[in-house]
Amino acid sequence: SRMPHEIQRFAHEAMATAFEVVVAGEEPRYAQQAADAAFAEIDAVERALSHYRESSDIAQISRAQPGNWVRVSTYTIECLALAVRLAHDTHGAFDPTVGPLMACWRAKDGSPRNPSAEELAGARARVGVDLLELDKTRLSVRVKGAGVSLDLGGIGKGYALDKAAALLKEWDVENALLQSGGSTALAIGEGPDDRGWPVGVGGSGDSPTPLGRIRLRDAALSGSGVQVRGHHIMDPRTGAPVMDRVDAWSYAKSAGEADALSTAFMVMAPGETREYCRLHPDTKAMLLAANTARPMLIGDWSIEAAKAEGS
């Protein structure tokens, strides 16, 4: 028989962050085996997508001659297809090819620098998902221009959570919360008390205490903020950094979507984000602008007060 209130936590390092799987209502040894299987899936996703690994699909695509097809794993095709769809849906506010732009606004030591107009134009010519071609049936990818570089940092961890959750469901785990590094959470089922998994939302770099909690059921929440990514959040559409947004949170049905959308909502104007959420009714946004205390809520968030520490 399942124990509804028994909660077990498992942790794993991957993708340069800490992943966590919390399982409710399963026998301890079974929960451990299921979590291990989920973590092995995350490792497999990392082997395919990491641009730090010479052998990864992403590194191989970036090294390939323009026009040459590169055979890749199902993970890579799936994640790239999702990234391309979200790039189209956000009109380029999220873009997995933004690497050359990021590079030209940073000096070799990582400090901010201002590129020349020529440099910027050169970088912009190498950015855009129309420079990618995917062949899903042949599991192949090619780039159409020289100097195109892929970085799935804004979507890869969320995608890995989705794959891990799918594996837990194959193990018949019906109630779990998966998290990556405090930035993205994905809930399966109703949580330990049947009211949804409680997840803190709305804390920022200056005030990390969350504004409150939401109850997450079969959905994902992701947050992006300048404290994580520095004050250079690039708008791929203009080629320039965005300075007036501090934090953004997104709610979506999948962790991959939520991960990419929290990045997109950092650079989209509030009106654009509102329109995105109107066209995609499963999504919600929470935006915190510079020098404002309260975030703007788009969609019904039903936020509970966060409990005081120790209660």
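Placed above this text is the structure.
Read on for a plain summary of the structure. Every value quoted in this text rests on a predicted model; they were computed, and no experiment measured them.

With respect to the nonpolar core
Soluble globular proteins tend to bury their nonpolar side chains together.
Okay, so step 1: Ranked by size, the top nonpolar core spans 70 residues in total, and within it I61, I155, L168 and F265 carry the most contacts.
Okay, so step 2: Among the elements that take part in this core, helix α1 (residues 28–49) stands out by supplying 10 residues, more than any other.
Okay, so step 3: In this structure, L168 is in contact with V21, A34, A35, A38, V173, A176, L178 and I188, ignoring residues within four places of it in sequence.
Okay, so step 4: Of all hydrophobic cores here, the second largest spans 17 residues; its members include V199, I214, L288 and W301.

Considerations on the sheet that holds strand β8 (residues 197–201)
Okay, so step 1: Across the sheet, 3 strands lie side by side as β8-β9-β16; this open sheet has antiparallel pairing. Each having just a single partner strand, β8 and β16 (304–305) make up the two edges of the open sheet.

Concerning the environment of P112
Okay, so step 1: If you trace the backbone, P112 turns up in the loop between α4 (99–104) and α5 (117–124).
Okay, so step 2: In this structure, the C-alpha to C-alpha distance between P112 and A31, residues 81 residues apart in sequence, is 46 Å.

What to know about the packing of aromatic side chains
For any pair of aromatic rings, the description consists of the separation of the ring centres together with the inter-plane angle of the planes.
Okay, so step 1: In the structure shown here, the tally under the stated rule is 3 aromatic pairs.
Okay, so step 2: Geometrically, the ring pair formed by Y251 and W301 is edge-to-face, given 6.4 Å between the ring centres and 75° between the ring planes. Placement of Y251 in strand β13 (residues 245–252) and of W301 in the loop between β15 (296–298) and β16 is noted, with a sequence separation of 50 residues between them.
Okay, so step 3: Of the residues examined, W301 reaches a relative accessible area of 3% and is grouped as buried.
Okay, so step 4: Ring centres of F265 and Y276 lie 5.9 Å apart, and the angle between their planes is 70°; this geometry places the pair in the edge-to-face category. One end of the pair, F265, is in helix α8 (residues 255–267); the other, Y276, is in helix α9 (residues 270–279), and 11 residues separate them in sequence. Side by side, F265 and Y276 carry an identical accessibility label, which is buried.
Okay, so step 5: The ring of Y251 carries the charged tip of K284 above its face, separated from the ring centre by 4.2 Å.
Okay, so step 6: One residue, K284, lies across the ring of W301, its end atom 5.7 Å from the ring centre.

Considerations on the pairing of strand β6 (residues 176–180)
Side-chain positions along a regular strand alternate between the two faces of the sheet.
Okay, so step 1: With 5 of 5 residues buried, β6 is to be regarded as a mostly interior element.
Okay, so step 2: The side-chain alternation of β6 yields two buried faces, one formed by A176, L178 and S180 and the other by L177 and Q179.
Okay, so step 3: Relative to β6, strand β2 (residues 17–24) is paired through 5 bridges, and the arrangement is antiparallel. By the bridge assignment for β6, V21 is matched with L178.
Okay, so step 4: Strand direction decides the pairing type here: β6 and strand β7 (residues 184–188), joined by 5 bridges, are antiparallel. Bridge pairing in β7 links Q179 to A185.

Definitions and cut-offs
- Residues numbered from 1 in each chain as written.
- Predicted model: local features only at pLDDT ≥ 70, side-chain atom pairs only at ≥ 80, totals over all residues.
- Heavy atoms only, no water.
- Core = buried A, V, L, I, M, F, W, Y, C linked by side-chain atoms within 4.5 Å.
- Buried < 20%, exposed > 50% of the residue type's maximum accessible area, 1.4 Å probe, protein only.
- Helix = DSSP H or I, 4+ residues; strand = E, 2+ residues; numbered from the N terminus.
- Contact = heavy atoms within 4.5 Å.
- Pairing = 2+ DSSP bridges.
- Phe/Tyr/Trp six-rings, centres within 6.5 Å; stacked < 30°, edge-to-face > 60°.
- Lys NZ or Arg CZ within 6 Å of the ring centre and 35° of its normal.

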